[in-house]
Amino acid sequence: MSRQPNPWAALSALCLGFFMILLDTTIVTIAIPAMVRDLHTSLNSVVWVLSVYLLTYAVPMLFTSRLGDRFGPKRVFLAGLIVFTLASLWCGLSGNVEMLITARAVQGLGAALLTPQTLAFITHLFPPAKRGPAMGMWGGVAGLATITGPLLGGVLVDGFGWEWIFFVNVPIGLIAIVLTGVLVPDWQPKHSHSFDIPGILLSAAGLFLLVFGIQNGQQYNWGTVFGPVNVFEIIGAGVLLLVIFVVWQRFNTREPLLPLKVFNNRNFSAGTVTGIAIGFCITGMFIPLVLFVQEVLGMTPTQAGLLTAPMSLLSGIVAPFIGRLSDKVNAKYLVMFGFVALAAGVGLIALQARAGMNPWALTPALLVCGLGTGSVFAPMSNVTMSSVDRTLAGAASGIFNTARQLGGVLGSAAIGVLLQARIVATMAGTHGNAPVALTDAARQTMLLPVGVLLLGAVAAIAMKRVARPQPATPTEPEPALRS
């Protein structure tokens, strides 16, 4: 007789792995100045260290969510943990930026294997009536990880060097592998999926060309990249391939990578847009902020991390309560509040930023950001996934996670190129005064995520309240007991 799994113990093990891979979406940001100096490279190259991880994280996720359905989420989750942990070791051992970018790409693949399985397990381990607190825990981990990176990264960069922002994943990864093996049930959905190879290739090529063109436009002065090919042609080719991808999904009658019928669900469609918006902001806002507080205000990486620590703490405290509340009230209002609060916090930072200011004066604005972040993830995930048909849950989980990571890819690329463009433009206007130029560029750049967040709040208006399901009757076993 098989032992019945403890759903909260299993979720804790899954969240440790999830925390680790989300941590790496922001931990690199605090080390950007150190890596530029130590690797003797450009800001654009180091931004690629961030972007390539997000790109290889986002692109395969539609495919890897199906792998869990076919081979079992636990096995795919463990495979992702192993790949991610080994790639982290490779990142730390990299001696040049090219090798680091390659290792980060592999690390992103590991994250892509791992992430979709977490949401799939929540729908399996917890019945619908009890899913809010589980989503709250998941959302708390997501919010905490994405803004804890700067604090942990700062301590590691100052104390040991930038390489240790990757080495730290090795022991965490090993612990997560052991806990997952012991605590997580080997659930087998046994859905025999066919794999949409044309869809995989079209989506991967389209996203790569789009991000490459956006991020490297400034480097090539928005002109020729090689031969007769220019930046705008590369971006246009990426958009065209993505359009062809969507058309192919419409006419693929077997099993499309992106089942368009899932977007008939209004909550899922709106939730996907909000996922893109929050991913864009969480990744994008830290690049100008970190450069400003370190290069202009003279903070060390550790001090810069400590500056954001209260934001991280508040987000982690708020998220579980918001998760529980999302089961009791119309969760769309919680999502809207979170987006508006986060936009207000980032906007306040942009208004306050001045060369020579006391950096700790930014704390109130950062706390507003933490309140907003902690209020978004759990209700957004709950509304987005709760009304999706169970037969589409695996694909929907992959799409939703892909959307959030795609937002991060676009955020890092767009913010990186806008920041570099504004530095060049403002440097001329300030007669070469670097601190003033960098301050003005950072302030102007932070207005972009503010605008994207307000669009996310507008998208949340379209969400409708999810009907609270009745608890399972005593004669019907809850999903947590099925295996």
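For the protein, an unreviewed UniProt entry supplies the name DHA2 family efflux MFS transporter permease subunit and the organism Amycolatopsis pithecellobii. Quoted verbatim from the Sequence similarities (unreviewed entry) heading of the UniProt record, the comment on the protein is "Belongs to the major facilitator superfamily. EmrB family."

Caption draft 1: Examining the environment of Phe126 more closely. Its place among the elements puts Phe126 in the loop between α6 (97–125) and α7 (131–159). With a relative accessible area of 3%, Phe126 lands in the buried category. Other than its neighbours up to four places away in sequence, Phe126 contacts Pro7, Trp8, Leu11, Arg131 and Ala134.

Caption draft 2: Highlighting empty space enclosed by the protein. Here the structure, examined in full by the defined rule, presents two cavities of 30 Å³ or more. Considering only enclosed or pocket space, the second largest cavity measures out at about 30 Å³ in volume. As for the second largest cavity, its lining consists of Ile30, Phe286, Leu289, Val290, Val293, Ala304, Leu307 and Thr308. Mapped by element, the contributors of at least two residues to the lining of the second largest cavity are α13 (286–296) and α14 (301–325). The element that contributes the greatest number of residues to the lining of the second largest cavity is α13, accounting for four residues.

Caption draft 3: How the structure looks around the layout of surface pockets. In this structure, the second largest pocket encloses a volume near 350 Å³. Lining the second largest pocket are 18 residues, with Leu62, Phe245, Leu258, Thr402 and Leu406 sitting closest to its centre. Listed by contribution, the elements that provide at least two residues to the lining of the second largest pocket are α10 (197–216), α11 (231–251), α12 (266–284) and α17 (393–429).

Caption draft 4: Expanded view of the nonpolar core. Of all hydrophobic cores here, the largest spans 137 residues; its most connected members are Ile21, Tyr57, Ile278, Phe292, Val293 and Leu362. Sort the elements by how many residues they give to this core and α6 lands first, with 12 residues. Residues contacting Leu362, with those up to four places away along its chain left out, are Leu289, Phe292, Val293, Leu307, Ile349, Gln352 and Met357.

Caption draft 5: The arrangement of helix α18 (residues 434–445) in detail. Here α18 is 12 residues long and its end C-alpha atoms lie 16 Å apart, about the 16 Å a rise of 1.5 Å per residue gives. Along α18, the residues classified as buried are Ala437, Leu438, Thr439, Ala441, Ala442 and Thr445.

Caption draft 6: Fine view of the domain arrangement of the protein. Domain boundaries in the protein define domain 1 (1–185), domain 2 (197–256) and domain 3 (262–466). Placing the centre of domain 1 and that of domain 2 at their C-alpha centroids yields a distance of 26 Å. Counting from both sides, the interface comprises nine residues of domain 1 and, opposite them, 13 residues of domain 2. Taking both partners together, domain 1 and domain 2 bury about 900 Å²; carbon and sulfur atoms supply 61% of that area. The tally of links between domain 1 and domain 2 comes to zero salt bridges. Taken together, the links from domain 1 to domain 2 amount to zero residue pairs in polar contact (both at pLDDT 80 or more).

Caption draft 7: Fine view of the pattern of salt bridges. Summed over the entire model, instances satisfying the criterion amount to two salt bridges. Glu295 is paired through a salt bridge with Arg37; the nearest N and O atoms lie 3.9 Å apart. Here Arg37 lies in helix α2 (residues 32–38) and Glu295 lies in helix α13, a separation of 258 residues in the sequence. A relative accessible area of 43% places Glu295 in the partly exposed class. Residue Arg37 is classed as exposed on the basis of its relative accessible area, which comes to 51%. Residue Arg75 pairs with Asp186 through a salt bridge whose shortest N-O separation is 2.7 Å. Taken as a pair, Arg75 in helix α5 (residues 73–93) and Asp186 in the loop between α9 (169–183) and α10 lie far apart in primary sequence, 111 residues in all.

Caption draft 8: Structural context of the state of the cysteines. Under the definition given, this model contains zero disulfides. Free of any disulfide, Cys281 has its nearest cysteine sulfur in Cys369, 7.1 Å distant.

Caption draft 9: Spatial organisation of the packing of helix α15 (residues 331–352) against helix α16 (residues 363–386). At a closest axis distance of 7 Å, the pairing of α15 and α16 adopts a crossing angle of 155 degrees. Our classification of the angle between α15 and α16 gives roughly antiparallel. Relative to α16, α15 is oriented so that their crossing is left-handed. Within the contact of α15 with α16, the residues separate by chemical class into 20 nonpolar, six polar and one charged.

Caption draft 10: Structural context of the packing of aromatic side chains. All told, the structure shown has nine aromatic pairs when counted by the stated rule. Three or more aromatic residues joined by ring pairs form one cluster here, namely Trp48, Phe208 and Phe212. The side chain of Arg250 reaches across the aromatic face of Phe251, ending 5.6 Å from its centre.

Caption draft 11: Quick look at unusual backbone geometry. For His40, which is not a glycine, the phi torsion comes out positive at approximately 50 degrees. A relative accessible area of 73% means that His40 is categorised as exposed.

Caption draft 12: Geometry of the environment of Asp158. Relative to the elements of secondary structure, Asp158 occurs in helix α7. Placed 142 residues apart in sequence, Asp158 and Thr300 show a C-alpha to C-alpha distance of 7.3 Å. Apart from residues lying up to four places away in sequence, Asp158 is in contact with Thr300, Pro301 and Thr302. A polar atom in the side chain of Asp158 sits 3.2 Å from the side chain of Thr300.

Caption draft 13: A nonpolar patch on the surface, seen in detail. Side chains of Val239, Val243, Val247 and Phe251 sit close together on the surface and give an oily, nonpolar patch of about 360 Å² of accessible area. The residue Val243 is located in helix α11 in this model. According to the relative accessible area criterion, Val243 is partly exposed, its value standing at 44%.

The rules behind these values
- Residues numbered from 1 in each chain as written.
- Predicted model: local features only at pLDDT ≥ 70, side-chain atom pairs only at ≥ 80, totals over all residues.
- Heavy atoms only, no water.
- UniProt positions renumbered as here; feature names shortened; annotations may be inferred.
- Helix = DSSP H or I, 4+ residues; strand = E, 2+ residues; numbered from the N terminus.
- Buried < 20%, exposed > 50% of the residue type's maximum accessible area, 1.4 Å probe, protein only.
- Contact = heavy atoms within 4.5 Å.
- 1 Å grid on protein atoms, 1.4 Å probe; cavity = no way out; pocket = protein on both sides within 12 Å on 5 of 7 lines; lining within 4 Å.
- Points joined across faces, edges and corners; volume = space filled by probe spheres on them.
- Core = buried A, V, L, I, M, F, W, Y, C linked by side-chain atoms within 4.5 Å.
- Expected span 1.5 Å × (residues − 1).
- Domains from an automatic or database assignment.
- Buried area = accessible area lost by both parts, 1.4 Å probe.
- Salt bridge = Lys/Arg side-chain N within 4 Å of Asp/Glu carboxyl O.
- Polar contact = N/O pair within 3.5 Å; in protein donor to acceptor, adjacent residues only side chain to side chain.
- Disulfide = S-S within 2.5 Å.
- Axes fitted to C-alpha atoms, helices over the stretch in contact; angles between N-to-C directions.
- Parallel < 35°, antiparallel > 145°, perpendicular 65-115°, else oblique.
- Left-handed = near helix turned anticlockwise from the far one by under 90°.
- Nonpolar A, V, L, I, M, F, W, Y, C, P; charged D, E, K, R; others polar.
- Phe/Tyr/Trp six-rings, centres within 6.5 Å; stacked < 30°, edge-to-face > 60°.
- Lys NZ or Arg CZ within 6 Å of the ring centre and 35° of its normal.
- Patch = residues over 30% accessible without salt bridge, like charges linked within 9 Å, V, L, I, M, F, W, Y side chains within 5 Å.
- Areas by Shrake-Rupley, 256 points an atom, 1.4 Å probe, with all protein chains shown as cover.

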